[in-house]
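So you can see what is in the structure, the chains are spelled out below.
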Amino acid sequence: MDTLTKPKTSAEAASTERMTGAEAVVKSLLAEGIDLMFGYPGGAIMPVYDELYKYKDKLNHVLVRHEEGATHAAQGYARASGKVGVCIATSGPGATNLVTGIADAMIDSTPIVCITGQVPKQFIGSDAFQETDVIGITMPVTKWNYQITDAAEIPEIFAKAFFIARSGRPGPVVIDITKNAQFEELDFKYEKCTKVGSYVPRPPVKTEKVKAAAELINNAKRPYILYGQGIILSGAEEELKQLVEKTGIPAAWTIMGLSAMPTDHPLNVGMLGMHGNYGPNMMTNECDVLIAIGMRFDDRVTGNLDKYAKQAKVIHIEIDPAEIDKNVKTEVAVLGDAKETLQALLPLVNENNHEAWHQRFKEYDQLEYDKVIQPETQPTSEELTMGEVIRNLNDLTNGDAIIVTDVGQHQMIACRYAHFNKTKSNITSGGLGTMGFCIPAAIGAKMGAPERDVIAVVGDGGIQMTIQELGVILQTGVNVKILLLNNEFLGMVRQWQQLFFDKRYSATEMVNPDFQLLAQAYGITTKQVGERAELGNALKEMMDHEGAYFLEVLVGKENNVFPMIPSGAGVGEIRLE
């Protein structure tokens, strides 16, 4: 007999509480320590919202203005706090509006649990009003999903969902709940999940693999560490710092790994990838041992795989077996949690400094500084540049703020030039590249880390995809600083059109609204600057202001982001102009 339907003993009955499925949903969230969620109500999820009203002193619901905003806010909350983010929506369009954020969370390994309402069980498959196959739609972009049709399933499924979302390589989970299951009664008892069948979230680290990795590292002449978000997700920041300082190995970050080490650490040599730093990309094809930790060798990091690190012996430390040898073939693959693996590796590696190897990075750094960094951050032209805006911002944040970016030129500039001293400080859409991510994610990040300054750095294209989420700031008063870098173009696409399509600017020039009036309409203090003499004071005013602030900076329309690896090129073919 099924464990969900068999008769309960008197002892079991005494330990349970009779309630509706809707109340069980709320009780399950509270049992998981959830006190904040983002969502938008509708008919198929209304019973749960009725219970949320009763529990509003324990579980704060933030009303977004579009369901996509709920997923991005949950992502920002999760990334800033290290907890699981939660969002909720109704069936049909409510559920499908979550999909972009779910896909974003999947590729960026962000733990969120998404709850959707569904038509009653008896109407499933009948094309009922606001019915969609949420399970079928989200299956490719979730770590796990499940449709609850019986109220008795709720405690077990919620416990399993949170365990799967947060464990191992984190990711999004969708729970679709039929309306009848929300009305039905059950005997509620919640037990947290600690194991699911054959699912092994943290593979045991094999000692022989760690020893093999240590031997390669100790014998290397030109070793090089590439680290990604796996460091942050596993809490291995201190172990990474100890590894680079003991071995003297230079380390470079992926966009998602940024802030795992302080950006000004002398062994932290810069950013990898299409718009990363010159040296870190060039040296990939000069190292003899490449140590990849918690990163997945995506195409934006590797460029043309046929030209990527062919001379190097590759060590890959990774928790997800699906990533091993997927893109880059390894000499030694160490499957396991990054923190556990580095703890095992640290006693086995020798102290070293690799001074001559470091000098090569410094030579490349100087070339990039002269050709790109100085003109971008200390320009002599009349036009303001994005780089100088971020440089001035650094003087005010001292590397302690959380910076949330959207997608485009401003994103690459912020990741290149922003300073970070603390982990979980760079929040961006990495793998999916979702325009519209920034504003709701910044709101979620501030709610997840209320003690920290949160700055949303956004472009004039991306902000208009989710600008309605300024309504959340109006309603909640959340203290987010919004820095709009306005070049009146879809800048990154325009850059490609300039460089590779003979300046045919097809559908990239923006005719924008008056952002000042828009921000004011949402009750946000605002200012616009376009002159260099005004920039420093305007940024300081933004940071000193008590409450949300909207600063629009007018920057050059046709400035480009360099270095750049052209499409189809290898990392060694990175361009400085």
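Residues numbered from 1 in each chain as written. Predicted model: local features only at pLDDT ≥ 70, side-chain atom pairs only at ≥ 80, totals over all residues. Heavy atoms only, no water.

*Asks:* Looking at this structure, how should I read the domain arrangement of the protein?
*Replies:* Bring the parts together and some accessible area is lost; that lost area is often taken as the interface size. Partitioning the protein into structural domains gives domain 1 (2-188), domain 2 (207-360) and domain 3 (384-554). With centres defined by C-alpha atoms, the gap from domain 1 to domain 2 works out at 38 Å. Counting from both sides, the interface comprises 7 residues of domain 1 and, opposite them, 7 residues of domain 2. Carbon and sulfur atoms make up 55% of the area that domain 1 and domain 2 hide from each other, which totals about 630 Å². The three residues of domain 1 that bury the most area against domain 2 are Arg-79, Asp-108 and Arg-169, which together make up 64% of that side's buried surface. Where domain 1 meets domain 2, there are 2 salt bridges. Summed over the shared surface of domain 1 and domain 2, the number is 3 residue pairs in polar contact (both at pLDDT 80 or more). Considered class by class, the residues forming the side of domain 1 that touches domain 2 number 2 nonpolar, 2 polar and 3 charged. (Domains from an automatic or database assignment. Contact = heavy atoms within 4.5 Å. Buried area = accessible area lost by both parts, 1.4 Å probe. Salt bridge = Lys/Arg side-chain N within 4 Å of Asp/Glu carboxyl O. Polar contact = N/O pair within 3.5 Å; in protein donor to acceptor, adjacent residues only side chain to side chain. Nonpolar A, V, L, I, M, F, W, Y, C, P; charged D, E, K, R; others polar.)

*Asks:* Whenever I open this one, the pairing of strand β19 (residues 525-529) confuses me. Can you help?
*Replies:* It is a general feature of regular strands that their side chains alternate between the two faces of the sheet. Note: β19 against strand β20 (residues 549-554), 5 bridges, orientation parallel. Of the residues in β20, the one forming a bridge with Thr-526 is Phe-550. Taking the sense of rotation as the criterion, the β-α-β connection linking β19, helix α23 (residues 532-544) and β20 turns out right-handed. (Pairing = 2+ DSSP bridges. Helix = DSSP H or I, 4+ residues; strand = E, 2+ residues; numbered from the N terminus. Right-handed = clockwise from strand over helix to strand, strands pointing away.)

*Asks:* It is not clear to me how empty space enclosed by the protein should be interpreted in this structure. Could you clarify?
*Replies:* Over the atoms a probe the size of a water molecule is rolled, and this reveals where empty space is left. In the structure shown here, the tally under the stated rule is 3 cavities of 30 Å³ or more. Of the voids in this model, the largest cavity is the one considered here, and its volume is about 60 Å³. Around the largest cavity sit Glu-376, Thr-385, Met-386, Gln-409, Ile-413, Gly-556, Asn-559, Asn-560 and Val-561, which together line it. In the lining of the largest cavity, the residues fall into 3 nonpolar, 5 polar and 1 charged. (1 Å grid on protein atoms, 1.4 Å probe; cavity = no way out; pocket = protein on both sides within 12 Å on 5 of 7 lines; lining within 4 Å. Points joined across faces, edges and corners; volume = space filled by probe spheres on them.)

*Asks:* Can you walk me through the sheet that holds strand β7 (residues 172-178) in this structure?
*Replies:* What holds strands together in a sheet is hydrogen bonding between their backbones, with the strands either parallel or antiparallel. Read from one edge of the open sheet, 6 strands run β3-β2-β4-β5-β7-β6, paired in parallel fashion. Where the open sheet ends on each side, the last strands, each with one partner, are β3 (60-63) and β6 (144-148). Going from strand to strand, the sheet's axes swing by 20° on average, the running direction of each strand aside. The sheet contact formed by strand β2 (residues 36-39) and strand β4 (residues 85-89) spans 2 bridges and is parallel. Bridge pairing in β4 places Gly-39 opposite Ile-88. (Axes fitted to C-alpha atoms, helices over the stretch in contact; angles between N-to-C directions.)

*Asks:* Explanation requested: the nonpolar core in the structure shown.
*Replies:* Inside soluble globular proteins, nonpolar side chains tend to come together where they are buried. With 96 residues, the main nonpolar core has Tyr-224, Leu-290, Ile-293, Leu-345, Leu-483 and Val-553 as its most contacted residues. Shared between two domains, this core takes at least three residues from each, and those domains are domain 2 (207-360) and domain 3 (384-554). Excluding its chain neighbours within four sequence positions, the residues that come into contact with Leu-345 are Val-210, Ala-213, Ala-214, Ile-217, Leu-243 and Ile-317. Ranked by size, the runner-up nonpolar core spans 49 residues in total, among them Ala-70, Leu-98, Cys-438 and Ile-463. (Core = buried A, V, L, I, M, F, W, Y, C linked by side-chain atoms within 4.5 Å. Buried < 20%, exposed > 50% of the residue type's maximum accessible area, 1.4 Å probe, protein only.)

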